[in-house]
Amino acid sequence: MSRQINNEERWIAQVNAAFDEVSLPPRPNDNDILAQMRNTDSAESSGSDSRFTFFWRYWNMKTTKRWMIAAAIVLLAASLTGILMPERFSPQQSFAQMVQNVQLIRTAVMNITVTSPGQPPVSMKMSLDNSGKMRQEFEQPHDIMNMVNIFDLSAGKMVCLMPSQKQAVVMDMGQIPPEQLPRNVVDEFRKLPPEAAQWKEKIVEDGRTLLVYEVVQLPGATTELWVDQDTLLPVRSRVQMPSPMGKGNMLMEIKDIQWDVPLPADTFNLTPPPGYNVRQMDMNLANGGPPDVVALLRLWTYFSDGAFPDKLDPMSISFDLQELMRDYLEHAKQQIAKENETTAAPPGEDQLYLDKSDTITGDPQSATERFSFTFKPDSLYPHLKLDIQMTQGRADLRILNPAGQVVQAMGAQQCTIGDCAINDVQAPGEYTVELTTKNAVGQWRLSIFGGPAPAESKVFAKIAHDVLGMDVKTTNQEQAVQIMQKVGGIMGRAGMYLGPYFQKKTFVWTGQGAHLGDDNRIICYWPNEDGKHYHAIDARLNLLSLTVEQLPQTVPNKPDSPTVP
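Residues numbered from 1 in each chain as written. Predicted model: local features only at pLDDT ≥ 70, side-chain atom pairs only at ≥ 80, totals over all residues. Heavy atoms only, no water.

**Q** An account of helix α7 (residues 290-303) is requested, with residue identities and associated values reported.
**A** The end-to-end C-alpha separation of α7 is 20 Å, in line with the 20 Å expected for 14 residues at 1.5 Å each. Here α7 lies mainly inside the structure; 12 of its 14 residues are buried. Considered for burial, the residues of α7 that qualify are Pro290, Asp292, Val293, Val294, Ala295, Leu296, Leu297, Leu299, Trp300, Thr301, Tyr302 and Phe303. (Helix = DSSP H or I, 4+ residues; strand = E, 2+ residues; numbered from the N terminus. Expected span 1.5 Å × (residues − 1). Buried < 20%, exposed > 50% of the residue type's maximum accessible area, 1.4 Å probe, protein only.)

The structure is reproduced here in structure tokens:
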């Protein structure tokens, strides 16, 4: 569809250009034409020879015919120009036309890889349509990291699917500011300014002629674009920009772009598939206020070991704080894992939940065996050991919680797992164990026994207790999601509340170098709603109200740092 539309537009533009550049013979005026016709009629009525009459009519109409024939030739030449001269547009005109062509696009599919400093690459397949719908399919080395995000940006709805865990999170994003919503890559192409495009070269790749451009819109931010000379649509892109965390450059590569392709009917379906465990997430970020700013700074100092940020702005809230959280979680999980290793005791009779095995000889067998164990509120956390040694076929293990949801799944032809905490065991009750063999010959053994709670479970419980005031000792996956939802809510409400002050530059951060608990230290202030006073927060996270005379006047991070009046 897009190719036909684009070629028609190019042809029309070239016809117009041809008419502008080629001069036609002057068109005869109506009086001259009328006089010629009268002369011709007079010759015919006088009985002149028919051959003479024919030539007389021909020469009398010569001027009119010559203009008409010339116009037809120009039109034909313009048509041939569109067919035989695909380089009719200059590189600059081609880029401008490319931007216009993307405006007409209805659907797009592409592969995107984002690489950030110090982080593994993140790859996804993205599908979009021009009604504001988007689908992201992440492709990570570990199945548990794979997920599918489906957005309807115009309706403010989103669903996140985790296929390996049969989990779905449904979110209402109606209260999220547009600038905080995911980027629509097609819209980014539509916004590229033609005047900023610099043509670099022309290359031939896979039988296509590509025009290569570079666009610099901001210092340090560069977009490279490869445009098909025939369709005048992008085929790939490479965007480099400073990392929001301020450490090197972030790279986004877009390739394998397909324009106006038919998409399956369920591509943007916001209803989770049957069998998924569905959770609702509250993304209402309205009604934020000064207490949310205090809560945000409490979060920050918790994850940074008491240090306040050097600056506080939308970028630091969105990226620096998230980076702090990631570092904290990774370090805390490693620490707790080491503690678990030193405190874990070998399984004894009183800790053994289950011990089963089987040997298959003779003909290959396919069967499912079911067992169960009971997890009590005071029970040790269940761990498993699994040994599968099949000379043929395979064995697969599934563990289901009391609600029938899969909390662990693994299997192979041969594998040995020494000690593995069972995923997401929290609710007391009877758990079901399924061991399925498929065309198998060999043996397997499964032991389930009590041990320490997983490091991740303890980490989220600690955050919940220390930061959110929740009384929990361990958490399952659903509770961990709820905890991070609450943390995200604090960040979102504080960011939205401070947004207008950031924009007007009336929020003043004076907390560089400050630490939680510093005496007599103001770390930030901004105008009060009454227009006469200022909100302020000190290093003990007290919310204050100050007059203009009481505002700090000295440079932060100096011996005479801003103090509480």
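**Q** Give a detailed account of the pattern of salt bridges, specifying residues and quantitative values.
**A** Under the defined criterion, the tally for this structure stands at 13 salt bridges. Close ionic contact of Arg370 with Glu434 constitutes a salt bridge, the shortest N to O distance being 3.3 Å. With Arg370 in strand β13 (residues 352-375) and Glu434 in strand β17 (residues 429-451), the pair connects residues that are 64 residues apart, well separated along the chain. In this structure, Glu434 engages Arg398 in a salt bridge whose closest nitrogen and oxygen atoms are separated by 3.2 Å. (Salt bridge = Lys/Arg side-chain N within 4 Å of Asp/Glu carboxyl O.)

**Q** Help me get a handle on helix α5 (residues 91-103), residues and values and all.
**A** With 13 residues, α5 should reach 18 Å at 1.5 Å per residue; the first-to-last C-alpha distance of 19 Å fits that figure. If you check which residues of α5 are buried, you get Ser94, Phe95, Gln97, Met98, Val99, Asn101 and Val102.

**Q** Quick rundown of the confidence of the model for the chain? Include the residues and the values.
**A** The pLDDT averaged across the chain works out to 77; a share of 73% of its residues lies at or above 70. Confidence drops under pLDDT 50 across residues 1-8; counting only partners more than four residues distant or on other chains, this segment forms 14 contacts. Counting interchain partners and residues more than four positions distant, the pLDDT-below-50 stretch residues 69-87 has 23 contacts. (pLDDT = per-residue confidence, 0-100. Contact = heavy atoms within 4.5 Å.)

**Q** Break down unusual backbone geometry for me, citing the residues and quoting the values.
**A** Although it is not a glycine, Asp206 adopts a positive phi angle of roughly 55°. Position of Asp206 relative to the elements: it lies in the loop between β7 (197-205) and β8 (208-218). When its relative accessible area of 72% is taken as the criterion, Asp206 is described as exposed. One non-glycine residue with positive phi stands out, namely Leu232, at about 55°. Structurally, Leu232 can be placed in the loop between β9 (221-228) and β10 (234-242). For Leu232, a relative accessible area of 1% puts it in the buried group.

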